[in-house]
Amino acid sequence: MYETVIGLEVHAQLKTRTKAFCGCLNEFGAPANTRTCPVCLGFPGSLPVLNEMAFEHGMKAALALNCQIQNFTKFDRKHYFYPDLPKNYQISQYDLPLALDGGLKIKIKDREKTIPVKRVHLEEDAGKLIHEGEGSLVDYNRAGVPLLEIVTEPEIHSPDEAYEYLSELKAILKYLEVSDCDMEKGSLRCDANISLRLIGAEKLGTKTELKNMNSFKAVREALNYEIKRQTGILESGQRIIQETLLWDEVSAKTVAMRSKEEAMDYRYFTEPDLPGFVLTEEKIKAVKDNLPELPQALKQRFIRDYGLSDYDVEILAQEKRVADYFEACFKIYPQAKSISNWLIGPLSYELNSRNLDIQSLGLKPPELTTLISFVDQDKISNLSAKEVLTARLNSKKTVEEIIQEKDLLQICDSGELSAIIDAVISANQKSVQDYSSGKANALMFLVGQVMRQSKGKANPKVAQEMLKEKLTNV
Amino acid sequence: MIISKDDVLKVANLARIELNQEELNLFSGQLESVLEFIAKLKKADVSSVKPMSHILDIQNVLRADIPGESLPNALVLKNAPESLKGHFRVPKVIE
C-alpha cells in the first residue's frame, strides 16, 4: 500500500487598482495591450516601484495563514525566455520571501488537521498568450499584475485534503478582500506536486507536477487520476519519471508536457532596481490587529450565537457576503434557522440559476424576511413562497403585492375552514367510516378533498389537524 | 582555467546568445579575467562587513496604489515586428 504525498502551489492575483510595479490598471478584460507602459513592457531605463497595497495585501494573507512575516524581505529576478515575459525575467522572491512557516487548519471527515504553509511570497504575473493559426498573440495587460504565491509543505495526504485546503484558502483570501479568487478568470491558479511512497517509508517518492487544472474539482480529479497512474507504474515494477503533466479536462487524463531539453536554470539574483523592505514588529502587529474576522472565527460565532448546525454554517460562511446577508436578515427577523434554510435553499437556487451573487440579486434583507415571516405564520405555503420569490426577482412588485395578485394567502380563518371541512365530511361518509375503522389513508384522502374544495388555499397542516379533531368527535 | 569553454557555451545558451569559435575564444578569455578578479575579492576579509542586498542605504520604497498613464495601443505596438488585433504576434509557442 502506498501513501500519497501532495504539495500545492497557489497563485492568487491580488486585488489592487494598479499593477505591482507601475501605475497601469490591474483590470481583467480590457482591450489587449491598453494597460501597459514602459515599466511592465520592460523598456530599457524604466524602473519598478512596489505598490504598497499589494505589499499590504500580501502581509494580511500571510498573517491570516499564521505565517511568520520576515523582518527583512527583498525581490529577485527569475530568468527565463518566453514571449509572455517582456523583460525576460520575472520579478519574484527567492531566498528572503515575505513570510515563512504558517499553517492552515482544515476539517476532513470531522477531524481537524493543519496543512503546513511553507512560504508566501510576492511576484508579478506574466502576459497572456493566445494561440491562433500560424502564430501566437501576446497581450501584456496581465504582465506585472501582483501575485501572491502560497506554497504548502508536501504534507497533504489525499485529493480530498487538497480540495479542503484550497476551499479554505480561497475563503480566507476572499474574507480578507485581497483577491477575487476567480479560477475562471485566472485570478486563482493551482499547481500540484504528487508522489507515492510505501507506507512507513521515510524517503519521498519521485514526484510529478500537475498543471492546467481550472477548478478545485479538476485539482481533485487530476490528483485521483495521478494516484492511479503512479500506482500502476509502481505495481508493475517500473519507475516514475519526474516530469510536468498537464490535466486535460476533456479526456480526464494527465498528459506529459513536451520535456525541456535542459533543466531550467533560472539564475536568480537580487533585483537591483528594488531596495529591500524592513518590517518592524510594530508594523506587523498593526496589520495583524486590523485583520477582519476570518471564516473559522465566523463559523464558531454563528454556531454559538445563532444555534445553527455545522452543516448550515459551512454553507453560509463560504461567502462573506452571504454570511453578512444572514446577519442583516437576523437583525430584522431573529429566526436563525428559517433564514438559514431560505438562504441555503430557495435563495441559493435562484442565485445559481441566475448566475448572480447575493449583492447583485437586488433583494433587500427586509424583503426576504417579510416573505419568510409569511411562511412561518402559515399565511402562505412553502411552495407558494418559492413562487413569490421567483416572481419578486423577475419584477419590481413587492412581496405583498405578488401574494395578493396571485391570491396565495392560505385560509387561516378557522370558521371558513371549518365550514369546508364539515361539507367534506358529510359528502364522504365512506371515508369517514374507513378512518374510524383504522385506515390511515382515508385521512389523507379527506385532506385532499379539503384542499380541493378550498382551491388549494387551505393550509394542509391546519386542515389535517382540524379534520382529525372533528373525526374523533363524530 | 576557472571557466571551461563548455561552461561559456552553457551560459551563452541560457542567455540565448549564439557564439562562433572566434567569439567563444574572445569571451572565454574576458570571463576568465572577470572570474580571476572575483577570486581575488573572495580572499578579502569581510568578517566585519554586514551582508547587503542593495548598494544604496535605502529601504521601503513604495508607491501609493494610484493609477498612472498607460500607453496607447498603437504606440505599444510601434516596435513590434508583427502585430495582429492589438496583440504582439510571435512565432507559435506551445507549452
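Residues numbered from 1 in each chain as written. Chains lettered and ligands numbered in written order. Predicted model: local features only at pLDDT ≥ 70, side-chain atom pairs only at ≥ 80, totals over all residues.

### A short note on the domain arrangement of chain A
Domain parsing of chain A yields domain 1 (2-284), domain 2 (295-405) and domain 3 (414-473). Measuring from the centre of the C-alpha atoms in domain 1 of chain A to the corresponding centre in domain 3 of chain A gives 66 Å. (Domains from an automatic or database assignment.)

### Notes on the sheet that holds strand 9 (residues 128-132) of chain A
Strand order in this open sheet of four strands is 9(A)-10(A)-3(B)-2(B), and the pairing throughout is antiparallel. Sheet topology places strand 9 of chain A together with strand 2 (83-84) of chain B at the edges, where each strand pairs with a single neighbour. Examined bridge by bridge, strand 10 (residues 135-139) of chain A and strand 3 (residues 87-91) of chain B share four bridges and lie antiparallel to one another. Bridging from a neighbouring strand, Gly-135 of chain A pairs with Pro-91 of chain B of strand 3 of chain B. (Pairing = 2+ DSSP bridges. Helix = DSSP H or I, 4+ residues; strand = E, 2+ residues; numbered from the N terminus.)

### Quick notes on helix 7 (residues 320-332) of chain A
Here helix 7 of chain A contains 13 residues, and its C-alpha end-to-end distance of 19 Å stays within 8% of the 18 Å for a straight helix at 1.5 Å per residue. Residues of helix 7 of chain A that are buried make contact with helix 5 (295-306), helix 6 (310-316), helix 8 (336-354) and helix 9 (365-376) of chain A. (Expected span 1.5 Å × (residues − 1). Contact = placed C-beta atoms within 7 Å.)

### A word on the interface of chain A and chain B
Taken together, the 40 residues of chain A in the interface contact 34 residues of chain B. Looking at the side of chain A that touches chain B, the elements that each hand over two or more residues are strand 2 (50-51), helix 1 (52-64), strand 9, strand 10 and strand 17 (277-278) of chain A. Looking at the side of chain A that touches chain B element by element, the count peaks at five residues for strand 10 of chain A. Within the side of chain A that touches chain B, the residues separate by chemical class into 20 nonpolar, twelve polar and eight charged. One ladder, built from two bridges, connects strand 2 of chain A with strand 1 (residues 62-63) of chain B; its direction is parallel. What sits directly across from Leu-50 of chain A, in strand 1 of chain B, is Leu-62 of chain B. (Nonpolar A, V, L, I, M, F, W, Y, C, P; charged D, E, K, R; others polar.)

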